[in-house]
Amino acid sequence: MDSVLAPKPSVLGLRDPSLLVTDGLVAGQWRTGASGKTFSVTEPSSGEELSRCADLALLDFVEAIDSAYIGYQKFYSSTTAKERGGLLRRWNDLILENADDLAIILSSENGKTLAEAKGEVSYAASFVAWFAEEATRSYGNTIPSSYHNTTVLTFKEPVGVCGIITPWNFPAAMITRKIAPAFAAGCSVVIKPPSETPFSALALAKLALEAGIPSSCLHVVPTKDHNASLELATNPKVKKLSFTGSTGVGKMLTKLAAGTMKKVSMELGGNAPFVVFSDADLDLAVDGAMISKFRSTGQTCVCANRLLVHSSVVGEFTKKLVAKVESLKIGRGLDSSTTQGPLVNASAVAKVEEHVQDAVSKGAKLHTGGKKPAGLKGFFYEPTVLTGATTKMNVAYEETFGPLAAIFAFQTEEEALALANDTEFGLAGYFFSKDIGRVMRVAQRMQCGMVGVNTGLISAAESPFGGIKESGVGREGSKYGLAEYQNIKCVTIGNIHM
Ligand code: SIN
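The structure presented is a predicted model; accordingly, all values stated were derived computationally and were not measured.

### Points about the sheet that holds strand S19 (residues 450–453)
Next, step 1: With respect to topology, seven strands assemble into an open sheet ordered S14-S15-S16-S13-S12-S18-S19, the strand pairing being mixed. Either end of the sheet is taken by a strand with one partner, and the two such strands are strand S14 (365–368) and S19. Each neighbouring strand pair of the sheet contributes to a mean axis angle of 20°, computed without reference to strand direction.
Next, step 2: By the bridge criterion, three bridges tie strand S12 (residues 272–276) to strand S18 (residues 428–432) in an arrangement that is parallel.

### Some remarks on the side chain of Ser46
Next, step 1: With respect to the helices and strands, the residue Ser46 is situated in the loop between strand S3 (37–43) and strand S4 (48–55).
Next, step 2: A distance of 2.9 Å separates the side chain of Ser46 from the side chain of Glu43, its partner in a polar contact.

### A word on the UniProt feature "domain: Aldehyde dehydrogenase" (unreviewed entry) in the protein
Next, step 1: Per the UniProt record, the feature "domain: Aldehyde dehydrogenase" (unreviewed entry) sits at residues 30–491.
Next, step 2: Taken end to end, residues 30–491 is 40% helix and 22% strand, and its first and last C-alpha atoms sit 42 Å apart.

### Let's talk about the environment of Ala27
Next, step 1: For Ala27, the position within the fold is in the loop between strand S1 (24–26) and strand S2 (29–31).
Next, step 2: We classify Ala27 as partly exposed; its relative accessible area is 31%.
Next, step 3: With 304 residues separating them in the primary sequence, Ala27 and Gly331 have C-alpha atoms 40 Å apart.

### With respect to empty space enclosed by the protein
Next, step 1: Counted according to the given criterion, the structure contains four cavities of 30 Å³ or more.
Next, step 2: Put simply, the largest cavity is a space of about 80 Å³.
Next, step 3: Lining the largest cavity are 13 residues, and of these Phe170, Met174, Arg177, Cys301 and Phe465 lie nearest its centre.
Next, step 4: Partitioning the lining of the largest cavity into residue classes produces seven nonpolar, four polar and two charged.
Next, step 5: In terms of domain composition, the lining of the largest cavity takes at least three residues from each of domain 1 (9–268 + 473–488) and domain 2 (272–461).
Next, step 6: There is about 60 Å³ of room inside the second largest cavity.
Next, step 7: The wall of the second largest cavity is formed by 14 residues, among which Pro273, Phe425, Gly426, Ala428 and Gln447 lie closest to the centre.
Next, step 8: Listed by contribution, the elements that provide at least two residues to the lining of the second largest cavity are S12 and strand S17 (425–426).

### Comments concerning the pattern of salt bridges
Next, step 1: Under the definition given, this model contains 24 salt bridges.
Next, step 2: Notably, a salt bridge pairs Glu484 with Lys240, separated by 3.5 Å at the nearest N-O pair. In this pair, Glu484 sits in the loop between helix H14 (478–483) and strand S22 (486–493) while Lys240 sits in strand S10 (residues 238–244), placing the two residues 244 residues apart along the sequence.
Next, step 3: Exposure remark for Glu484: the relative accessible area of 14% places this residue in the buried category.
Next, step 4: On the basis of relative accessible area, Lys240 is assigned to the buried category, the value being 0%.
Next, step 5: With its nearest N and O atoms 3.0 Å apart, the salt bridge here joins Glu414 to Arg445. Of this pair, Glu414 sits in helix H12 (residues 413–420) while Arg445 is found in helix H13 (residues 436–445), placing the two residues 31 residues apart along the sequence.
Next, step 6: A residue is classified by how much of its surface remains accessible, and Arg445, at 38% relative accessible area, is partly exposed.
Next, step 7: One network of salt bridges, in which partners are shared, links Asp279, Glu413, Arg438 and Arg441.

### Examining the UniProt feature "active site" (unreviewed entry) in the protein
Next, step 1: As annotated in UniProt, the feature "active site" (unreviewed entry) corresponds to Glu267 in the numbering used here.
Next, step 2: Here Glu267 shows up in strand S11 (residues 263–267).
Next, step 3: Those residues in contact with Glu267 that sit more than four places away from it in its chain are Lys178, Phe243, Thr244, Gly245, Leu427, Phe465, Gly466, Gly467, Ser471, Gly474, Arg475 and Glu476.

### Notes on the sheet that holds strand S6 (residues 151–158)
Next, step 1: On the basis of which strands lie adjacent, the open sheet formed by three strands has the order S5-S6-S22 and antiparallel pairing. Every other strand in the sheet has two partners, leaving strand S5 (142–144) and S22 as the edge strands with one partner each. Ignoring strand direction, the axes of neighbouring strands in this sheet form an average angle of 25°.
Next, step 2: Of the pairings in the sheet, the one linking S6 to S22 comprises eight bridges and is antiparallel in character. Paired with Lys156 across the strands is Ile488, a residue of S22.

### Structural notes on the nonpolar core
Next, step 1: In this structure, Leu88, Trp91, Ile95, Ile179, Phe183, Val189 and Leu218 are the most contacted members of the largest nonpolar core, which totals 67 residues.
Next, step 2: Ranked by residue count, the leading element in this core is helix H4 (residues 114–134), at ten residues.
Next, step 3: Excluding anything up to four places from it in sequence, Phe183 contacts Phe75, Arg84, Leu88, Trp91, Val189, Ile213, Cys217 and Leu218.

Each value, and the rule that gives it
Residues numbered from 1 in each chain as written. Predicted model: local features only at pLDDT ≥ 70, side-chain atom pairs only at ≥ 80, totals over all residues. Heavy atoms only, no water. Pairing = 2+ DSSP bridges. Helix = DSSP H or I, 4+ residues; strand = E, 2+ residues; numbered from the N terminus. Axes fitted to C-alpha atoms, helices over the stretch in contact; angles between N-to-C directions. Polar contact = N/O pair within 3.5 Å; in protein donor to acceptor, adjacent residues only side chain to side chain. UniProt positions renumbered as here; feature names shortened; annotations may be inferred. Buried < 20%, exposed > 50% of the residue type's maximum accessible area, 1.4 Å probe, protein only. 1 Å grid on protein atoms, 1.4 Å probe; cavity = no way out; pocket = protein on both sides within 12 Å on 5 of 7 lines; lining within 4 Å. Points joined across faces, edges and corners; volume = space filled by probe spheres on them. Nonpolar A, V, L, I, M, F, W, Y, C, P; charged D, E, K, R; others polar. Domains from an automatic or database assignment. Salt bridge = Lys/Arg side-chain N within 4 Å of Asp/Glu carboxyl O. Contact = heavy atoms within 4.5 Å. Core = buried A, V, L, I, M, F, W, Y, C linked by side-chain atoms within 4.5 Å.

Dropping the structure here:
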């Protein structure tokens, strides 16, 4: 591809250019921040600057938290669940009305293809629509008391101010998956969006305000200052911390949050096994691998990291997979013919390179890819397939977070399960089989929070998303996602004489 000029915000071709907001949102004001500084946001497809964004200061965070503390009390006491659902429904409608612009912003800052970006915007909206409904289905209990003349009731109450730290790989959906349930519950939020992709969060916030979400309940504080995350994790007014990112940072934040006993949701790293048994429908398995491995250029935390394929079908599976991988068209995300975008930055490319070199140096065989494509300026790496992967290689234990399909061969179901579970992570796992007994057995024995059987796509608003082991705690989306933003209050009413 020829040199790509970084599109400036004015030439992104947005129907509504006001959606490209470069200021932070604190206490109802769009502002450049107490420090007056800005940081550069790079377009991954070109490696050049897309725009600058306000770099807010710690003082702005503290102000946002103070405002959110007052804001949620007013919000919760002045709205019914139905009214909060109505606000979310309006926000959902605005997101869908502006989906094309939001997708352009998302694709520009993240690099994912326009088709994927549109898919993410509708995925983001689906959480808002889901929690608009869940808001009104948040029931308490009446519990038979063991004491005479006594009634026990439970109420669900909002936790209060929520600190929200989101990743760059889903700049829109990880915002809505966290804050839609927070608003449904009656909470307020202070968001630290990723510095790689702050603009989707800011555009969504603009639409949320238009929908009527009170400005005291929604603060978006872009910054490069890591102390901001520490403030969210330690400030006593913040009662809940929700983070999606690496396991290392998640552990550190959880330790800090324990200082004030905050409720935490941690969506952390994965190392998903993708198992193809000898009785699998191989075409289905290849399609599943394409989605699970190459979605967002391999940059989702539920991406297949290790492809475990029965030795009797590994040759045929590899041939079919390589054919599909070679039909991918690498390029700039905004180019409508592109089917595989860039990685987010140079260090993401270096990680894939390192995993490929390590595997090949230890005996893996390269079938396709294995290098940076010639002639492209951005952060690209060719979609890569290799076979002969073993547990001596880094890819066996570390998440590549890029377009590398490393194929391991196995002989028995026991061996496949042992390999699949040989990791400290437990986010997602996948397997393909037509044997119903095996489906039930393996689904129960895979050690992870989410299992895809005969499918490579497991994420949806109605499905609980989250991991076990070192992949984190808590669930997002689904009927369980709301509870993460609520406290249960038990009220015992004694001496009721009827
Ligand atoms: C993630 O990678 O954090 C989210 C992936 C998804 O929702 O499918």
